Amino acid sequence: PAKIQTNSCPTYYLSTVPAYGRDGRYSVAVTMLSQIGNVEAARHTVQAISDLNPDYVLMVGIAGGVPGRVGLGDVVVATEIFYYELAKRYREGLQRRHRVYPVDPLLLDRAQNYNDTTWQNLVSIERPDGKATEVPEVAFGPVAAGEKVVADSGFVSALIESSPKLTGIEME
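Residues numbered from 1 in each chain as written. Predicted model: local features only at pLDDT ≥ 70, side-chain atom pairs only at ≥ 80, totals over all residues. Heavy atoms only, no water.

A. Inspection of the side chain of Glu40 at higher detail. By secondary structure assignment, the location of Glu40 is in helix 1 (residues 38-52). Classification of Glu40 by relative accessible area gives buried; the value is 9%. (Helix = DSSP H or I, 4+ residues; strand = E, 2+ residues; numbered from the N terminus. Buried < 20%, exposed > 50% of the residue type's maximum accessible area, 1.4 Å probe, protein only.)

B. Layout of the packing of aromatic side chains. All told, the structure shown has one aromatic pair when counted by the stated rule. Judged by centre distance (5.4 Å) and plane angle (70 degrees), the rings of Tyr84 and Phe155 are edge-to-face. Here Phe155 lies in helix 3 (residues 153-162) and Tyr84 lies in the loop between strand 5 (75-83) and strand 6 (87-90), a separation of 71 residues in the sequence. The exposure class assigned to Tyr84 is buried, which follows from its relative accessible area of 1%. For Phe155, a relative accessible area of 18% corresponds to the buried category. (Phe/Tyr/Trp six-rings, centres within 6.5 Å; stacked < 30°, edge-to-face > 60°.)

C. How the structure looks around the side chain of Ser163. Take Ser163: it is sitting in the loop between helix 3 and strand 10 (168-170). On the basis of relative accessible area, Ser163 is assigned to the buried category, the value being 6%.

D. Inspection of the sheet that holds strand 4 (residues 64-65) at higher detail. If you walk across this open sheet you meet the five strands as 4-10-9-5-8, and the pairing is mixed. Each edge of the open sheet is held by one strand with a lone partner, namely strand 4 and strand 8 (99-102). Examined bridge by bridge, strand 9 (residues 138-145) and strand 10 share three bridges and lie parallel to one another. In the sheet register, Ala144 faces strand 10, and the bridge partner there is Ile169. (Pairing = 2+ DSSP bridges.)

Dropping the structure here:
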């Protein structure tokens, strides 16, 4: 990939990937957040849109998979984004005000109909749990997003109760 720097931050890495219906390829720019969180993700996204004027923006990162629905190392593709942070605080506790954001239907369709599995053979990193490396699978479903790294199974259960088909939890 080619590395480009603009007069602003961040640095972008440019390449192309094969695609259907687009002269056989997409031009792709990748950047990395310098800090975690939704504000940082939004700042980088706005800057990338200003610098590059893309047709699409994809948020790619590491999410926690919902146990029993996805395996360690699997790829999760969001069918919708379930934002769980909005709430009204009362003396007795929080009243949750979840919001659901749709994903782009064309990109979702392309992901659901992508038949080339050669990418799976490129994943050769050993699993952190020491188990044998397995071929990653792709899971489609809602992805929860918020400001927290979630390590509380009770909170995961509450998210699943609010979004029964939840497949992953992301913090950006």
